[in-house]
Structure formats: structure tokens, C-alpha cells
Amino acid sequence: MRIITAKTKARDYPIYISQQFSEHFPLLIRKNFKDSEKIILVTNDKVFGIYESNIKNTLDKCSLPHEIVVIRDGEENKNLQKAEYIFGKLVDFNVHRNDIITAFGGGVIGDLAGFVASTYQRGIRLIHCPTTIVGQVDSSIGGKVAVNYSGIKNIVGNFYQPHMIFIDPTFNHTLEEKQIINGLGEVVKYGIIFKKKILDKLSQSIEDKKEDRLFEMVRSDIFREIIYMCCSIKAMVAQKDEFDISYRNLLNFGHTIGHCIESALEFKGLSHGEAVSAGMIVAIDISVSLGLCKKEVKEWILGIYKKLKLPYRIPEIDIDKIVCALKYDKKFKTMQNKFVLIKGINKPVFIYDVDRGVIIDNIKKSMYNYI
Ligand code: NAD
Ligand code: GLY
């Protein structure tokens, strides 16, 4: 078992990475949560369908009374109604502040159960057990919890750091290929912005020609090492800028255009990670157009994208919809978007005044593949 300590103003908390959820999780509960009296595990029907016996066996070994709350799968269930449903269960189960909510699932469950934990009795103990790559390398770490409201993503939320994170990379073995690709988009982002070694290891871990190469890759030792590296980076970033004032904005690389693609597609077709992947290529193209970055850097990254089956083009959609969505970007400031661009691998830079024509040109370039 490997441990990373995330240090934040709210609290320091351990991130355990272990392939033995069923053995190690109960040990840690008994050791670190001696004064807790109950565990409420929140999951979704899809994950519960796969891991029901594992979850039940593991909870049985925790020597604490426990309850399982199952929410329907899907982003559309990350809402206030489902939060209220969970609040109701917590009241029914007579849950107190020292008791534990465990979020067992992907980012949707983590954000929803985390939001509930942050507000019920003004904050009760929260453990994340992320079961997707997105959850393991990103959403469980750093304390952002939220629900969607009125059709707007993550608009009602909190910063609420968990009390423990338990990552078992073997949960990724049951992910569908689309969910693997979704997660790899974020992993590649860490490689481009913070640590080239991640890109090297990704390349190394993949056998180019095999059709099921991504499934093999997530089972590899190298991939477990990659998860560890990504978690360390996310913990470091959250430590430096817990409340997302400045440095943490680096995590937004590829997201400015990525969010616009998602919104132009009305959140259908491409996953978040896929949209961000295409968005990162546009950000690199803009960097090249502005003379910040060499074209060879993009070519090298494209080679990795192809191995990982990451989308590098924007689908042909109404370009006005993409451009229009730019003004809703959270990092929108004084009428101009704050872009994270690159001067090279691991050389990110914030640029505030990117010319609109340059942005549109590079969106078109990505869509129609012209030089
Ligand atoms: P998700 O939670 O919807 O999971 C994706 C799919 O995989 C779902 O169908 C889920 O049921 C399924 N799944 C989960 N674990 C599985 C497993 N082990 N085997 C098979 N299937 C499994 O989506 P996600 O990509 O994990 O997370 C996206 C969500 O996370 C979004 O709501 C996003 O806003 C949020 N997010 C939050 C942060 C943050 O910092 N809080 C960061 C990134 C994303
Ligand atoms: N996922 C972006 C952040 O945590 O800031």
C-alpha cells in the first residue's frame, strides 16, 4: 500500500493506493476512525451491480453498523433532489458528525456524496473510494464537491476536503473503453502540464497494434505508477491553491475549449475527457500560432493521442455555438478568456489576451483539419 498525504488548510488527509480494498479498507477504518459509530456508503446502481459482494464483505469487516444508499447512475442524478434523498437516509439512520459517509463510485457519486457530507450537520466525515480513472486521478482529491442545478454544472457546491481517500486501481479493470479514454484525457493533461514522465510511461505501457490495448494498459504496473504520480500532482496543486484562486487554474488546460465543445454538443456524444482532449490540441495549436511553442511538440503529443485513442479533432458542429460558449467559461475575465497555453512540455503559461481570430482559426483548423 502506498500513501500520499494531502495537506490543506482544512485538514491533512491520507490518500491510500492499494489493490486490496477488501483487506485494507476495514483495517484503516478500525485504526483511523475509532470514534465513528456508523458508515453510510453511497454508490450507484451500475457500480453496485458490479461490486455488491465486494462492498458488503468489506463493510462487514469494518466492525461498524453500516447502510448502503444506491443512487441511479448518471450525471443527471448529481442534483439537489438526490442530495435531499441522501439527507433523508442520514436522518433515518440517525447519523452523527463523527460518522462516515463513503462515496464509492466515479466523480458523480464523489461530488454528490461529498456535497451531502459537507452540508449535513455542517460537515461530517467523508471518505472517497473512487472507482473510475477520473475519480482516482482528479475528482476525489482537492475538496471540490458540488451538484448541478438549473441545467448548470457544479453550480451549487463547496470546498470540503475528505478525511481519507482509498484508491484501488483494480476497480478500473471493469471500466468500459469509453470511460478509460475519458480518464486518460485528464492523465495526459497532467503529463503535458506537470510531468513529462507520465507521457513517457503511457507510451511505454501501450502496445500499439492490439485492439484491446487500453484494457491491458489499465491492468499494468506502469499504469498503477501513473495513477500514483497523478494523485501526487493533484494533491500538490490543491495544497498550493486550495480555493482555486490562481495556480490551480493550470488544471483547466484544454478545458476552456473542452467545455465549449461539451456545451455545443449539449453534453451528448463526447465524454468530458474526450472533449478536453480535443480542447488541449486546440490550446497547443493556439500556443504554436502565437509563437509560444514549437510545432514538433504538437506532433509528438499527437503520436501519444493516437496510441491512447484520444480524440484530437473537434467534431463538425456549429462553430458559433462553440465560440458563444466561451463567454460562459468560469475563467472568463474582463471580456477575455484566460487560457492556459504551453511554451513546451511542462511549461504552462496563463495568457489573458488571446485574439478572438486566433481562437476561431484554430477551432476551424481542428474541425476541418486544415493547416
Ligand atoms: P461517472 O461518475 O459518471 O462514471 C462514469 C461511468 O462509469 C458511470 O456510468 C459509472 O456508473 C461507471 N463506473 C464507475 N465506476 C465503475 C467501475 N469501476 N466499473 C465500471 N463502471 C464504472 O463519471 P466520472 O468520469 O468518474 O466523473 C465525472 C464527474 O466528476 C462529473 O460530474 C464531473 O463534474 C465530476 N468531476 C469533479 C471533479 C472535482 O474536482 N470534484 C473533477 C473532475 C470531474
Ligand atoms: N478538477 C479541477 C480542480 O480540482 O480544480
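Shown above is the structure to which this text applies.
Residues numbered from 1 in each chain as written. Chains lettered and ligands numbered in written order. Predicted model: local features only at pLDDT ≥ 70, side-chain atom pairs only at ≥ 80, totals over all residues. Heavy atoms only, no water.

A.B. asks: Tell me about the overall build of the protein, and name the residues and values.
C.D. replies: From N to C terminus, the protein includes 14 helices and 13 strands. Scaling as 2.2 N^0.38, a compact globule of 371 residues should have a C-alpha radius of gyration of about 21 Å, and the protein matches this with 20 Å. If you line up the protein on its principal axes, its C-alpha atoms span 60 × 45 × 35 Å. At a minimum sequence separation of 6, the contacts of the protein that also span at least 24 residues come to 75%. Charge centroids of the protein, computed over 53 positive and 44 negative side chains, lie 5 Å from each other. (Helix = DSSP H or I, 4+ residues; strand = E, 2+ residues; numbered from the N terminus. Rg over C-alpha atoms; globule rule 2.2 N^0.38 Å. Contact = heavy atoms within 4.5 Å. Lys, Arg positive; Asp, Glu negative; His and termini not counted. Charge placed at Lys NZ, Arg CZ, Asp CG, Glu CD.)

A.B. asks: Got a sec to walk through the site of ligand 1? Specific residues and values, please.
C.D. replies: Neighbouring residues of ligand 1: 26 residues in total, closest Glu75, Gly107, Thr131, Thr132 and Thr174. Within the contact set of ligand 1, an oxygen atom lies 2.8 Å away from a side-chain nitrogen or oxygen of aspartate 73. At a separation of 3.1 Å, an oxygen atom of ligand 1 approaches a polar side-chain atom of asparagine 182. Relative to its free-state accessible area of 860 Å², ligand 1 is covered by the protein chains to the extent of 89%. Counting residues per element, the ones that place at least two in the shell around ligand 1 are α2 (45-60), α4 (107-119), α5 (133-139), β8 (152-159) and α6 (177-193). Ranked by residue count, the leading element in the shell around ligand 1 is α2, at four residues. Classifying every residue of the shell around ligand 1 by side-chain character gives seven nonpolar, ten polar and nine charged. (Near = heavy atom within 4 Å. Polar contact = N/O pair within 3.5 Å; in protein donor to acceptor, adjacent residues only side chain to side chain. Areas by Shrake-Rupley, 256 points an atom, 1.4 Å probe, with all protein chains shown as cover. Nonpolar A, V, L, I, M, F, W, Y, C, P; charged D, E, K, R; others polar.)

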